[in-house]
Amino acid sequence: MSESVPTAIIQEIRYPPIINSGVQLFVLRDDLIHPFLNGNKWRKLKYNIPLIKENHSTLVITFGGAWSNHLVATAAAGKMYGFPSIGIVRGDEAVSNDALQFAQECGMTLHFISREKYRERNIPEFQWQLEKELRQIHPELLEEKFVYWLPEGGANQAALKGCEEIPLAISIDTNFICCACGTGSTLAGIARGMKKHQAAIGIPVLNAETYFNESLIHWEAPLSQIELHHQFTFGGYAKKNKLLTDFCEHFSKHTTIPVEPVYTGKMFYGLTQLIQDGHFPQGSVITAIHTGGIFDFNQEFSRRLPSG
Ligand SMILES: *Cc1c(COP(=O)(O)O)cnc(C)c1O
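Residue indices follow the written sequence of each chain, beginning from 1 at its first position. Whole-chain, interface and lining totals are the exception, using all residues; otherwise, since this is a predicted model, local features are given only for residues with pLDDT of at least 70 and side-chain atom pairs are given and counted only at 80 or more. The side-chain numbers reported here are obtained from all heavy atoms of the structure, hydrogens and water having been left aside.

Moving on, we get to the sheet that holds strand β5 (residues 108-113). Here, any two strands with at least 2 DSSP bridges between them count as paired. Note on conventions: DSSP H or I runs of at least 4 residues are helices, E runs of at least 2 residues are strands, and numbering of each starts at the N terminus. Taken together, the four strands give an open sheet; going across it, the order is β5-β4-β3-β6, and neighbouring strands pair in parallel fashion. Looking along the sheet, the strands with just one partner apiece sit at the ends: β5 and β6 (146-150). Direction aside, the axes of adjacent strands within the sheet are offset by 25° on average. Bridge count between strand β3 (residues 58-64) and strand β4 (residues 85-90): five bridges; the pairing is parallel. Looking across to β4, one finds that T62 is bridged to G87. Contacts between residues were defined by any pair of non-hydrogen atoms, one from each residue, lying within 4.5 Å. All axes here are fitted lines through C-alpha atoms, helices being fitted over the stretch that makes contact, and every angle between N-to-C directions spans 0 to 180 degrees. Each of β3, β4, β5 and β6 is contacted by helix α3 (residues 69-81), which is oriented at about 165° to β3, the strand it contacts most. Of the strands in this sheet, β3, β4, β5 and β6 are in contact with helix α6 (residues 124-137), which crosses β5 at around 120°.

Okay, here's the thing in structure tokens:
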């Protein structure tokens, strides 16, 4: 997979509210890797794709909410690398939106399940049962297929390996590496791939302190090198208010870096606050990871992954 090494783009951020704060802020533009297969979802799929392609008759079954960036990325990867997929979508009713429509256009088959059932998504017995059901509904899709179960958000060992490469993609000498946290697996991968003198800063986008601590332990992240700042969730996952949407607009306008309120908007909001509060020592170099989540579904698909 020669096209699997995206060119890392690092930019210095000159955002007026923090310009004279005595720290330098950079961003790793993983959002620019590809229009649809980008950000941390690309990092997580990178080492899954060769495992999927190892077996020619593989069908990927994966999980996500109705606006899941992971479903978008997996569908796009299926189209680019030629593997069929089924997306199990949380929510009883078959809804449609730009993200799900895009996934279907890429060849992903969607299957909706209730929120109660969705909670069991990682339990093997549930997966066997689901596979049996899917074999009845879509016999042509599953015929002679080996099923590759990809967890929600793509989070498995291969994904962690991909996220461990994030610190290596940062070509400057940085003290802190910061990312938004949904499950914490990207943060865990970053922390595992860091140098000893570096620290990882996580900005959770939902209220789940215990869950994040467990997640970091589960992924064997070096806890002493990680800080989590829980005060920037704006009430929960995908919750937002005018303060946050105004910030996203202001930040995007003054830096020309697009952010959205679900993930990267909350991260840059939190990071701006922490910098203004003097949280980081003078002279610190901080690198934020732009984990993606910005899609223009009207854009043409065909751009290949950059190489080198
Ligand atoms: C999925 C996602 C995250 C969260 O990643 P985790 O590894 O689940 O913490 C952050 N940012 C964006 C843009 C995402 O799509």
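Don't stop here, the text continues.
Here we have six strands laid out as an open sheet, ordered β1-β2-β10-β7-β8-β9, and mixed in their pairing. Whereas interior strands pair on both sides, the edge strands pair on one side only; in this sheet they are β1 (10-12) and β9 (226-228). Along the sheet, successive strands turn relative to each other by an average axial angle of 25°, direction set aside. Where strand β7 (residues 176-181) meets strand β10 (residues 285-289), three bridges bridge the pair, whose relative direction is parallel. Counterpart to F176 in the pairing with β10 is I286. Sitting on the sheet, helix α10 (residues 185-193) touches β7, β8 (199-204), β9 and β10, and the angle it makes with β7 is about 160°.

With their axes 8 Å apart at the nearest point, α3 and helix α4 (residues 98-105) run at an angle of 20° to one another. If you check the angle between α3 and α4, you find them roughly parallel. Seen along the crossing, α3 lies across α4 with a hand that is left-handed. For the pair formed by α3 and α4, the contact residues are L71, V72, A75 and A76 on the first element and A99, L100, F102 and A103 on the second. In these notes the angle categories are as follows: under 35 degrees is roughly parallel, over 145 is roughly antiparallel, 65 to 115 is roughly perpendicular, and the rest is oblique. Two helices cross in a left-handed way if the nearer one is turned anticlockwise from the farther one by less than a right angle. They cross in a right-handed way if the turn is clockwise.

An automatic or database domain assignment supplies the residue ranges for each domain. Once the domains are mapped, the protein shows domain 1 (10-37 + 157-289) and domain 2 (42-154). Each of domain 1 and domain 2 has a C-alpha centre, and the two are 28 Å apart. Contacts between the two partners involve 18 residues from domain 1, matched on the other side by 17 residues from domain 2. Two parts placed together each lose some accessible area under a 1.4 Å probe, and adding up what both lose gives the buried area. With both chains or domains summed, domain 1 and domain 2 bury close to 1,400 Å², and 67% of this area falls on carbon and sulfur atoms. Take a side-chain nitrogen of Lys or Arg and a carboxyl oxygen of Asp or Glu: if they are within 4 Å of each other, that pair is a salt bridge. The tally of links from domain 1 across to domain 2 stands at two salt bridges.

Working definition: rings of Phe, Tyr and Trp (its six-membered ring) pair if their centres are within 6.5 Å, and the pair is stacked with planes under 30 degrees apart, edge-to-face with planes over 60 apart, and tilted otherwise. In this structure the tally under the stated criterion is 17 aromatic pairs. Summarising the aromatic geometry, the rings of Y237 and Y263 are spaced 5.9 Å apart at their centres and angled 65° between planes, so their arrangement reads as edge-to-face. Separated by 26 residues along the polypeptide, Y237 in the loop between β9 and α12 (242-255) and Y263 in the loop between α12 and α13 (264-276) bring together distant segments of the chain. Type-normalised accessible area, obtained with a 1.4 Å probe on protein chains alone, sets the label of each residue: buried when under 20%, exposed when over 50%, and partly exposed for intermediate values. Residue class for Y237 comes out partly exposed when judged on its relative accessible area of 44%.

Looking now at the environment of E131. Along the polypeptide, E131 turns up in helix α6. E131 gets classed as buried once you look at its relative accessible area, which sits at 16%. Sequence separation between E131 and H34 is 97 residues, and the spatial gap between their C-alpha atoms is 31 Å. Beyond its immediate sequence surroundings of up to four residues, E131 is in contact with L142, V147 and W149.

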